[in-house]
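Commentary on secondary and tertiary structure
The chain contents come next:
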Amino acid sequence: MADEFSFSLQAKRTRLSDSELIEALQFATGMLGEGYFTSTAYDGLVGKRPHSATIIDRFGSWKKALALIGITGGKERHYSPEELVSNLEAAWKQLGYPPGKRKIASLGAKISESPYKRRWGSMQDACIALAAFHEGKISKESLLAGRPENEPVRTTIPLKDRWAVLKRDNYRCVKCGANPSSNHEIELEVDHIFPVAKGGGNSLENLQVLCRECNQGKKDR
Ligand SMILES: [Zn+2]
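In this text the structure is predicted, and so the values were computed from the model without any measurement.

1. Looking at the overall build of the protein
Within the protein, the regular secondary structure consists of 11 helices and 2 strands. For the protein, the sequential pattern of α-helices and β-strands runs α-α-α-α-α-α-α-α-α-α-β-β-α. Classification of the 221 residues of the protein by burial places 36% in the buried group. Summing over all exposed atoms, the protein offers an accessible surface of approximately 13,900 Å²; the carbon and sulfur share of this is 53%.

2. Some details on the environment of Leu84
You can see Leu84 is positioned in helix H5 (residues 81-95). Residues contacting Leu84, with those up to four places away along its chain left out, are Tyr79, Ile111, Pro115, Tyr116 and Trp120.

3. Description of the side chain of Ser52
Locating Ser52 in the fold gives a position in helix H3 (residues 52-59). The class of Ser52 is buried, set by a relative accessible area of 5%. At a separation of 2.4 Å, a polar atom in the side chain of Ser52 contacts the side chain of Asp43. Excluding its chain neighbours within four sequence positions, the residues that come into contact with Ser52 are Ser39, Tyr42, Asp43 and Trp62.

4. Examining the environment of Tyr42
Mapped onto the secondary structure, Tyr42 falls in helix H2 (residues 39-43). Residue Tyr42 is classed as buried on the basis of its relative accessible area, which comes to 0%. Contacts of Tyr42, omitting those with residues within four sequence positions, involve Ala24, Leu25, Ala28, Leu32, Phe37, Arg49, Pro50, His51, Ser52, Ile55 and Trp62. From its side chain, Tyr42 meets the backbone oxygen of Pro50 in a polar contact 2.6 Å long.

5. Thoughts on helix H8 (residues 123-134)
Between its terminal C-alpha atoms H8 stretches 17 Å, which fits the 16 Å expected from 12 residues at 1.5 Å a residue. Packed against the buried residues of H8 are H5, helix H6 (101-106), helix H7 (114-120) and helix H9 (140-145). At the C-terminal side of H8, Gly136 shows a positive phi close to 75°.

6. Remarks on the side chain of Arg58
Relative to the assigned elements, Arg58 resides in helix H3. Apart from the residues within four sequence positions on either side, Arg58 is in contact with Arg15, Leu16, Ser17, Asp18, Leu21, Pro180, Ser181 and His184.

7. Thoughts on the coordination of the zinc ion
Protein coordination of the zinc ion is provided by Cys173 (SG), Cys176 (SG), Cys211 (SG) and Cys214 (SG), with donor distances spanning 2.2 to 2.4 Å. Seen from the zinc ion, its 4 donor atoms lie at angles of 101 to 115°, and the figure they make is tetrahedral. Counting residues between consecutive donors of the zinc ion along the chain gives the motif C-x2-C-x34-C-x2-C. Of this pair, Cys173 sits in the loop between helix H10 (159-168) and strand S1 (188-192) while Cys214 sits in helix H11 (residues 212-220), and the two are 41 residues apart along the sequence.

8. Details of the packing of H5 against H8
The relative placement of two packed helices is expressed as an angle between their axes plus a distance between the axes. At their nearest, the axes of H5 and H8 sit 11 Å apart, and the two run at 90° to each other. In terms of their interaxial angle, H5 and H8 are classed as roughly perpendicular. Of H8, the residues touching H5 (which contributes Val85, Leu88, Glu89 and Trp92) are Met123, Ala126, Cys127, Leu130, Ala131 and His134. Here the residues of the contact of H5 with H8 are counted per class, giving 8 nonpolar, 1 polar and 1 charged.

9. Describing the pairing of S1
With 5 of its 5 residues buried, S1 lies for the most part within the structure. Side-chain alternation along S1 places Leu188, Val190 and His192 on one buried face and Glu189 and Asp191 on a second face that is also buried. Where S1 and strand S2 (residues 207-211) come together, 5 bridges link them in antiparallel fashion. Paired with Asp191 across the two strands is Gln208, which belongs to S2.

10. Observations regarding the environment of Ala90
Along the chain, Ala90 turns up in helix H5. Sequence separation of Ala90 and Ala109 is 19 residues, and the distance between their C-alpha atoms is 9.5 Å.

Calculation criteria
Residues numbered from 1 in each chain as written. Predicted model: local features only at pLDDT ≥ 70, side-chain atom pairs only at ≥ 80, totals over all residues. Heavy atoms only, no water. Helix = DSSP H or I, 4+ residues; strand = E, 2+ residues; numbered from the N terminus. Buried < 20%, exposed > 50% of the residue type's maximum accessible area, 1.4 Å probe, protein only. Areas by Shrake-Rupley, 256 points an atom, 1.4 Å probe, with all protein chains shown as cover. Contact = heavy atoms within 4.5 Å. Polar contact = N/O pair within 3.5 Å; in protein donor to acceptor, adjacent residues only side chain to side chain. Expected span 1.5 Å × (residues − 1). Donors = N, O, S within 2.8 Å, 3.2 Å for Na, K, Ca; no water. Tetrahedral: all angles 85-135°; square planar, octahedral: opposite > 155°, others 65-115°. Axes fitted to C-alpha atoms, helices over the stretch in contact; angles between N-to-C directions. Parallel < 35°, antiparallel > 145°, perpendicular 65-115°, else oblique. Nonpolar A, V, L, I, M, F, W, Y, C, P; charged D, E, K, R; others polar. Pairing = 2+ DSSP bridges.

If you want it as structure tokens, here you go:
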């Protein structure tokens with residue numbers, strides 16, 4: 001087979017650096033707002049910028065690329081407990097049996113199991129609570145309340161601080177040096193050095209970039 005590659009001396013460098021791609025994303029947040037935005041919204045912006053496909057290819061996924069500028073959480077939007085319950089009821093009726101995590105994500109409003117998990121503990125527990133409500137065993141209020149003790153304590157680090165920390169730590173895990181550009185398996189997280197539960201704050205000095213593995217290793221200790 002003929003080699004299609006041409007060894008042209010006139011060829012220009014086309015590969016953008018990691019930081020050029022990251023800067024393009026940061027620039028886009030100026031136009032799209034601080035929260036999560038889709039690759040379609042990004043590509044729809046006017047002006048010349050690297051295509052989302054280039055960014056996805058470099059960092060492994062759109063979500064991981066956005067994590068590099070401190071935007072996490074994915075395309076999940078907030079659903080009220082009432083919305084979650086009526087979506088679950090509709091999916092259950094349509095199926096004829098209690099939906100599991102795959103079914104719930106594919107029916108009706110296509111809500112993932114995550115918000116169900118956060119409120120009720122699991123998809124199964126959400127179904128148990130809904131059945132209990134329809135059998136008159138629990139009130140509407142306790143159905144909607146879910147199991148709030150299961151909700152993880154979340155501390156929100158402001159986006160600009162996430163950026164600052166990721167940039168300061170050079171988009172790499174400070175423990176093992178892993179970065180998503182060279183290994184797509186890597187997921188970076190901004191971590192509190194001194195845990196919030198023990199009184200640690202959100203100051204930049206108390207924040208560091210860790211890969212998920214190092215971060216979980218630390219949590220297990
Ligand atoms: Zn690491």
